[in-house]
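Observations on the three-dimensional arrangement
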Amino acid sequence: NWNDRPGGPKFQLRGVPIEGASTAQVSSTVQTGPGDLPKQTAGSLELELVLCRHIGEKVTCDFRAKNVGGDKKYILLGDAYETVTRLVDQAGKIYVVSEVQLGNNRGRQSAETVLPSSVSVAGRITFVQVPLDVSSAVLEIRFTDDWNNRPGGPKFQLRSVSIK
């Protein structure tokens, strides 16, 4: 692992180390005022969380992804081997995503689409068997532009995400 090498970079988000982060995964939180939606940028991909909500014991999180570079194919990773989109509750329990959607494409392992430059595209991630008492969590959303290099893709880590 790049970060484990002596002298290797250690990246942090709000003072908390990001496990497995590399230069391709550096994220920064941008919030300009009260009521703003959580927004992060990793490389040329910007993610804005819209809402996470319970529907029974299912949690869905809606977001918008914007490519701030040139037109490019991105793959939203679901339950894709070692690179999973996941939710971690206040007690430390991990919920692996059960379905991902990016634009009109959806799947369990991934959903991909070409993101045009500077246009927000809707996305959704769904988790199952999340108890109704889970009201706040860490949300990790993983993308890649190369299926064979999944760990090298953009990783977003949103903390203290409110679940309505």
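Heads up: these notes are all about the structure in this document. Counting starts from 1 at the beginning of each chain's written sequence and moves along it residue by residue. This being a predicted model, a pLDDT of at least 70 is required before a residue's local features are given, and a value of 80 or more before pairs of side-chain atoms are given or counted; all residues contribute to the totals for chains, interfaces and linings. Side-chain metrics in this entry use all non-hydrogen atoms of the structure; hydrogen atoms and water are not considered.

A word on the state of the cysteines
Pairs of cysteine sulfur atoms within 2.5 Å are what we label disulfides. For the coordinates displayed, the defined rule picks out 1 disulfide. Each disulfide pairs two cysteine sulfurs, and for C52 the partner residue is C61, the sulfurs being separated by 2.1 Å. In this structure, the disulfide formed by C52 and C61 twists by about 115° around the S-S bond and is classed as right-handed. Residue exposure (1.4 Å probe, protein chains only): buried if accessible area is under 20% of the type maximum, exposed if over 50%, otherwise partly exposed. Classification of C52 by relative accessible area gives buried; the value is 1%. The exposure class assigned to C61 is buried, which follows from its relative accessible area of 0%.

Looking at the side chain of Q157
Think of it this way: any DSSP run of H or I at least four residues long counts as a helix, any run of E at least two long counts as a strand, and we number them from the N terminus. Tracing the backbone through its elements, the reader meets Q157 in strand 17 (residues 155-162). With relative accessibility at 6%, the residue Q157 sits in the buried group. In the analysis that follows, any N or O atom pair within 3.5 Å is treated as a polar contact, provided that within protein one partner can donate a hydrogen and the other can accept it, and provided that, for residues neighboring in sequence, both atoms belong to side chains. There is a polar contact of 3.3 Å between the side chain of Q157 and the side chain of R159.

As for the pattern of salt bridges
Opposite charge on two side chains lets them pair, provided their charged atoms get close. One side-chain nitrogen of Lys or Arg within 4 Å of one carboxyl oxygen of Asp or Glu is enough to make a salt bridge. Counted according to the given criterion, the structure contains 10 salt bridges. For D145, the salt bridge identified is with K72, shortest N-O distance 2.7 Å. Placement of D145 in the loop between strand 16 (136-144) and strand 17 and of K72 in strand 7 (residues 72-77) is noted, with a sequence separation of 73 residues between them. Residue classification places D145 among the partly exposed residues on the basis of a relative accessible area of 36%. Judged by relative accessible area, which is 31%, K72 ranks as partly exposed. The salt bridge partner of R106 is E99, with a shortest N-O separation of 3.7 Å. Taking relative accessible area as the criterion, R106 reaches 52% and is therefore assigned exposed. The exposure class assigned to E99 is partly exposed, which follows from its relative accessible area of 29%.

Quick look at the packing of aromatic side chains
A pair of Phe, Tyr and Trp rings is counted when the ring centres sit within 6.5 Å of each other, with Trp represented by its six-membered ring. The angle between the planes then sorts it: under 30 degrees is stacked, over 60 is edge-to-face, the rest tilted. Taken as a whole and assessed by the stated rule, the structure comprises 2 aromatic pairs. Aromatic pair F63 and F143: ring centres 6.3 Å apart, planes at 90°, arrangement edge-to-face. One end of the pair, F63, is in strand 6 (residues 58-67); the other, F143, is in strand 16, and 80 residues separate them in sequence. For the pair F143 and F156, a centre-to-centre distance of 5.9 Å together with 85° between the ring planes defines the contact as edge-to-face. With a gap of 13 residues between them, F143 in strand 16 and F156 in strand 17 connect regions that are remote in the sequence. Take F143 and F156: they sit in the same class, and that class is buried.

Quick look at unusual backbone geometry
In the Ramachandran plot, S118 falls in the positive-phi region, its phi being about 65° despite a non-glycine side chain. Looking at the secondary structure, you find S118 in the loop between strand 14 (110-115) and strand 15 (120-127). For S160, which is not glycine, the phi dihedral falls at a positive 55°. Locating S160 in the fold gives a position in strand 17.

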